Amino acid sequence: MSTVRDWAAPNPVTENRSGLIGKPVDRYEGRLKVTGTAPYAYEVETPAPPLFGHIVSSTLARGRIASVDISAAEAAPGVVRVWTHLNVPAQAARGTRLNPRSQRASNPALESDRVEHYGQSVAFVLADTPENARAAGGLVRITYEAESADLDFLSSLDQAGPAPGEEDARIGDFEAGYTASEVTVDATWFSPLQNHAQMEPCATTAWWEGDKVVVHTSIQMVKGGQHALAETLGVPSDRVRLFTRYIGGGFGGKGQSYDDLTLAALGARETGRPVRVAYTRQQMFQATIHRPAVQMRVRLGADRSGRLNAMALEAVTHCARNAPFVEHAANFARNLYAAPNRLTGHRLVRLDIPHAGAMRAPGEAPGMLSLECAMDELAETLGLDPIELRIRNEPEVDPDNAKPFSVRQLVRCMQEGAQQFGWERRNPVPGAVREGRWYVGMGMATAIRGNFLLPAKAGLRLTGDGVATLTQGMTDIGTGTYTILAQITGETLGLTLDQVRVELGDSDMPPAPGSGGQFGAATAGSAAYETGMVMRRRLAELAAGDPRSPLYGEDPTLMDFANGNIVLGNRSESLAALAARAGPEGVYVEGGISPAADARDWSQHTYGAQFAEVGVDSVTGEVRLRRMFGVFAAGRILNAKLAKSQITGGMIWGVGAALTESNPVDPRYGSFLHQDLGGYLAPVHADIVNLDAVLLDEADDKANPMGIKGVGELGICGAGAAIANAVYNACGVRLRDYPLTPDKVLAALEAKGL
Amino acid sequence: MKPFAFERARDVDHALSLAAVSPGARFLAGGTNLLDLMKLEIEQPPRLIDVGRLPLADIAETAGGGLRIGALATNTAVASDPKVRSRYPALARAILAGGSVQLRNKATVGGNLMQRTRCPYFMDAAKPCNKRLPGSGCSAMDGLSSTLALFGASEMCIAVSPSDMSVALAAFDAVAETVRADGSVQRRSVETLHRLPGEAPQVDTDLAPDELILAVELPPPPEGGQAWRKVRARASYTGALASVAVAGDRVALGAVAARPWRARAAEAALADGASPAEAAAAELASAEGEDGRKALVRRLAADVIRQAREGVGS
Ligand SMILES: Cc1cc2nc3c(=O)[nH]c(=O)nc-3n(C[C@H](O)[C@H](O)[C@H](O)COP(=O)(O)OP(=O)(O)OC[C@H]3O[C@@H](n4cnc5c(N)ncnc54)[C@H](O)[C@@H]3O)c2cc1C
Ligand code: SF4
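The structure presented is a predicted model; accordingly, all values stated were derived computationally and were not measured.

**Student:** What should I look at first to understand the site of ligand 1 in this one?
**Tutor:** Taken together, 31 residues are adjacent to ligand 1, and G30(B), G98(B), G110(B), G111(B) and M114(B) come closest. Positioned at a junction of chains, ligand 1 has nearby residues supplied by chains A and B. Elements represented by at least two residues in the shell around ligand 1 include exactly β2 (26-28), α2 (34-39), α6 (101-106), α7 (109-114) and β8 (212-218) of chain B. If you tally residues by element for the shell around ligand 1, the top one is α7(B), at four residues. Its residues assigned to classes, the shell around ligand 1 shows 13 nonpolar, 14 polar and four charged.

**Student:** Looking at this structure, I do not really get the environment of A140(B). What am I missing?
**Tutor:** All names here are of chain B. Tracing the chain through its elements places A140 in the loop between α7 and α8 (165-171). In this structure the C-alpha to C-alpha distance between A140 and K106, which are 34 residues apart in sequence, comes to 30 Å. Setting aside its immediate chain neighbours within four residues, A140 contacts C119, Y121, S145, L148, I158 and A159.

**Student:** When you look at the sheet that holds strand β17 (residues 434-435) of chain A in this model, what are you seeing that I'm missing?
**Tutor:** Residue and element names in this part refer to chain A. The five strands lie next to each other as β17-β18-β26-β27-β28, forming an open sheet whose pairing is mixed. The sheet is open, and its two edges are formed by β17 and β28 (691-695), each paired on a single side. As paired elements, strand β26 (residues 605-617) and strand β27 (residues 623-633) share 10 bridges and run antiparallel to each other. Residue F611 lies in a different strand from β27, and its bridge partner there is F629.

**Student:** Looking at this structure, I do not really get the pairing of strand β7 (residues 185-189) of chain B. What am I missing?
**Tutor:** Both faces of the sheet carry side chains from a regular strand, because those side chains alternate between them. Pairing analysis gives five bridges linking strand β6 (residues 175-179) of chain B to β7(B), with the strands arranged antiparallel. Bridge pairing links E177(B) to R187(B) in β7(B).

**Student:** Just checking my understanding: could you explain the sheet that holds strand β10 (residues 242-247) of chain B for this structure?
**Tutor:** Working definition: the strands of a sheet are paired by backbone hydrogen bonds and lie parallel or antiparallel to each other. Residue and element names in this part refer to chain B. As summarised here, the arrangement of the four strands in space is β9-β10-β11-β12, forming an open sheet in which the pairing is antiparallel. Edge strands, defined here as strands with exactly one partner in the open sheet, are β9 (226-231) and β12 (261-262). Two elements, strand β11 (residues 250-254) and β12, share two bridges in a ladder whose sense is antiparallel. Looking at the pairing, L253 lines up with W261 of β12.

**Student:** For this particular structure, what's the right way to read the packing of helix α11 (residues 276-284) of chain B against helix α12 (residues 291-310) of chain B?
**Tutor:** Packed helix pairs are specified by the crossing angle of their axes together with the interaxial distance, meaning the distance between the axes. Residue and element names in this part refer to chain B. One way to put it is that α11 packs onto α12 with a least axis distance of 8 Å and a crossing angle of 140°. Crossing geometry of α11 relative to α12 is assigned as right-handed. Across the interface between the two elements, P276, A277, A279, A280, A281, E283 and L284 from α11 touch K294, V297, R298, A301, A302, I305 and R306 from α12. Across the contact of α11 with α12, the residue classes break down as 10 nonpolar, no polar and four charged.

**Student:** Would you mind showing me how to read the interface of chain B and chain A here?
**Tutor:** When the parts of a complex come together, some accessible area is lost, and that lost area is often taken as the interface size. In this assembly, 26 residues from chain B lie in contact with 32 residues from chain A. At six residues, α12(B) tops the list of elements feeding residues into the side of chain B that touches chain A. Within the side of chain B that touches chain A, the residues separate by chemical class into 13 nonpolar, six polar and seven charged.

**Student:** Any chance you could explain unusual backbone geometry here in plain terms?
**Tutor:** For residues that are not glycine, phi is negative in most cases, and the peptide bond is trans in most cases. All names here are of chain A. Here the residue pair Y738 and P739 is connected by a cis peptide bond, since its omega of -5° sits within 30 degrees of zero. Along the chain, the position of P739 falls in the loop between α17 (719-731) and α18 (742-751). Phi at F251 takes a positive value of approximately 60°, unusual for a residue other than glycine. Mapped onto the elements of the fold, F251 is located in the loop between β12 (240-243) and α7 (259-271). With 24 C-beta atoms packed within 10 Å, F251 lands in the buried category.

**Student:** Looking at this model, I keep getting lost on the packing of helix α10 (residues 364-382) of chain A against α17(A). Mind explaining?
**Tutor:** Residue and element names in this part refer to chain A. In the contact formed by α10 and α17, the axes pass within 8 Å of each other and the chain directions differ by 40°. When the axis of α10 is compared with that of α17, the two are oblique. The element α10 and its partner α17 pack so that their crossing is right-handed. Residues M368, L369, E372, C373 and D376 of α10 form the contact with α17, whose own contacting residues are G720, A721, A724, N725 and Y728. A per-class count over the contact of α10 with α17 returns six nonpolar, two polar and two charged.

**Student:** I'm lost on the pairing of β27(A) in this one. Help?
**Tutor:** All names here are of chain A. With respect to burial, β27 is a largely interior element, eight of its 11 residues being buried. Remark: five residues form the turn of the hairpin made by β26 and β27, two consecutive strands paired antiparallel; G621 in that turn has positive phi of roughly 80°. When β27 meets β28, the two strands line up parallel, connected through five bridges. Bridge pairing in β28 links G630 to A693.

**Student:** Looking at this structure, how should I read the domain arrangement of chain A?
**Tutor:** Residue and element names in this part refer to chain A. When the domains of chain A are assigned, the result is domain 1 (51-148 + 196-287), domain 2 (403-453 + 595-754) and domain 3 (454-594). Once you take the C-alpha centre of each, domain 1 and domain 3 turn out to be 38 Å apart. Opposite the 18 residues of domain 1 that make contact, domain 3 presents 15 residues. Broken down by secondary-structure element, the contributors of at least two residues to the side of domain 1 that touches domain 3 are α6 (222-233) and β12. Looking at side-chain class alone, the side of domain 1 that touches domain 3 contains six nonpolar, nine polar and three charged residues.

What counts and what doesn't
- Residues numbered from 1 in each chain as written.
- Chains lettered and ligands numbered in written order.
- Predicted model: local features only at pLDDT ≥ 70, side-chain atom pairs only at ≥ 80, totals over all residues.
- Near = placed C-beta within 6 Å.
- Helix = DSSP H or I, 4+ residues; strand = E, 2+ residues; numbered from the N terminus.
- Nonpolar A, V, L, I, M, F, W, Y, C, P; charged D, E, K, R; others polar.
- Contact = placed C-beta atoms within 7 Å.
- Pairing = 2+ DSSP bridges.
- Axes fitted to C-alpha atoms, helices over the stretch in contact; angles between N-to-C directions.
- Left-handed = near helix turned anticlockwise from the far one by under 90°.
- Buried ≥ 20, exposed ≤ 12 C-beta atoms within 10 Å, placed from the backbone.
- Parallel < 35°, antiparallel > 145°, perpendicular 65-115°, else oblique.
- Domains from an automatic or database assignment.

Here it is, written out as structure tokens:
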């Protein structure tokens, strides 16, 4: 096993001689996407004309299916099959793991008469057209026996229990430290249930080739999807070939497979025809996962100079009764500010609603909406600038575990951000700045998000045309993975981008963990880099050992790679020629990355500072973002354009969390109020007038051989808190119940007599 | 979506004669509302009569100095028409506050007037809703939706009209001209085109099934300032929490009733010399609903009336 020391030597990526690393090149697959020719899972060509499936969702929250009548649906035009729990083909029992190494267990569809949440699949129709399938779906008659259900989070808080397998993290003595503090803040924030609202719904196209099923599906994890389907069908995983080449947004919501995958595979097997299945927009809200609601109590105790003595963040969140998941809203607070006495932890309420799960920056996204506003409140109480307060609590080592930081530029992020944003123009007195009917205010918050490296592999083939093709069972969920892998491969081998191909999203390719937790670029990218290095060694040995090569007999460790050539002194040979001589298949190597043995000896995070200026309409309580700016430090940046697009996209998610996004559970039905994108209010262009971000120069040599870190989730962290703090600065009302919609702001203004 | 027959009307007479013999048929204009509702099986017409290519898209001045806007003029065409922009700016603003540009490019004047409520329980076929399924109950009554009627609601339905355009049209005293298969032509005030729910919320308007809107006519704009404002949580692409159109001494409120709501009490108060705030309060005196909603509409109406009087643009 390697150690981080092994990564310290200069390498082709860190030397970046041809300048591909960091270059803001366009997306590898951009042209396909903007011309509408990238085949998404529902659109791939099939070997024969397909059938179309439609899933029927339950309209009950909890109980059992008392009766079903599928006769009208079966008799409807074009219908080929109608399944309910009574006649669906056999699947492995839920949770089965035939192969103990499977990353996911069996996940059967229509498994029984039990209904555990609104929107659960209860029937499936296969027909000759999507329209006929959907129309027949409406003819399936189901009657239910309802059982009592717990549906409302806030009124079920008294049932909160410990998060499974977790204990509160305690350092020092929080209660004593808090009681002894000269200045305190004690307040509770609420972040509501939110949906991923990906543009592309979950969808699958499936067909069988002999006893092997081929599925194209929209999923963030190749192996997870392959294993889940294999276990559900009760077959070894090599009988499932899973493709996921283009994904129209995942955000964590496609970290697992859903019934579209299972039912498409079963439908194709039973009919001998290819089958396409997609969820409708409405179904996406309740048939897939969501970010759970979180209630967060923050207590801060400080001395008059602003040094924190005690800090607590206690979060209560929900999950589905039989699908445990914890939104770790308190975890980030463990590593952010110094304070000798600390308490963080989570409690869980189990509800009979759709499954809660990971959504972009799980934990930090809602969590920072509390602590970062509490810090603003403390700063105001102390009469300190919010940045100064944070600097006074900047830790020397990680306050959770006393580990040294690999690199931590949080203070620099705040200071550069303040300067570029014009923070000194902020009037600290709330409600003091008025423009016409608008109250105007500024706010800031910090951002922190962990950095991770997981094991991954990749394959690389160099062919006689001089083209290197990287293959990896990795996904690009719209973040730019194809592009950065091409950049890394090109730089490692001394090739130009048009000499590099990248093929992803195929379960037959060397595995990578997929996209999630902002580990994708570092993990898949490091595997690509290592594989490129394996290729360099192989090519050098080939040249050294081949009398036809001008480099014959030379020391392979001294050979270099540049401009499509392998070079030693003034002798060189093109990679194309080398590969051509190796045979029609060229040269193929595999390589991979694993976490360094000592990687966890350092505290590794990405950081940032968020700044927002808002207007609050004094008449109506509408909040409009006027300006937003962030400075971030996230290791070496592979592609300036894509990294910034990830970061600013994350910030926009923060705008939604602060101002508009929420999906309340209707306590009468267990359904969500909003079931389309006209009702579930994610930000639109008009909400984002002026928003920008800067990434600091950085390389984290403890992270991986390239010194890069993730950027996919960092941008959300703290973004909403900066906005909430700006709302307070604008109009003087502290709202702790997100999102800050006009009704809440107006009620607060009215309560103040404004 | 239920299977349906589709016919493209050759001319107005063809459209009307098809409608007269096809119970439950619907005219299809831009389709931005009707097709969505059909996919959700909230509308289930056995036949669609496509009127989208009928020559009813002209925008022309009338002999009386007003404006006649064909029912098939797109929302974009109306909002960008120089005559509308210069003389009826509150109408242009109201239209531009609706939907997104893609929707406005497809949406027509007739379709906008006739669009159905966006009450979330009406849009979810699994929920009780008297408007969708008479007698099934009203889920909104104890529900979670935030935009409920303050005026003219009944025990049966408290949904609001989502149309922005019609709020401005009501403030301009616009009239919709319709024709039926028997050739009869009617002129219906936009303000009262939509019925209040009463005992029959399933019936949106008094239009007969074979009655086609041909055009909307606006009288000359009234003396005095105009203003329009729409309140919403996000800056675009969402329905109003409340809206106000002011044209001279006429005031219309949006998203507060099943129809654009002419604020007659406010107008009367203004005529008696009341201040904008007093006029708004006079209108809200008869409102029924949540205090926060009332406060929003009261404050908004007062401010927009004031703005129109001061002649400042929105
Ligand atoms: C996401 C979204 C957001 C929206 N936001 C807004 C908003 O903010 N503000 C707003 O005002 N609107 C909004 N809308 C609604 C939009 O304005 C309407 O869908 C549109 O105006 C309908 O016009 P259309 O021509 O597409 O009508 P269609 O969908 O074709 O028809 C709608 C109805 O009108 C009937 N009809 C059409 N033409 C005639 C006619 N000439 N005579 C008689 N009946 C007729 C049809 O039979 C049908 O019942 C939004 C819609 C969507 C989907
Ligand atoms: S308010 Fe009207 S439209 Fe909404 S649920 Fe009640 S009856 Fe239906």
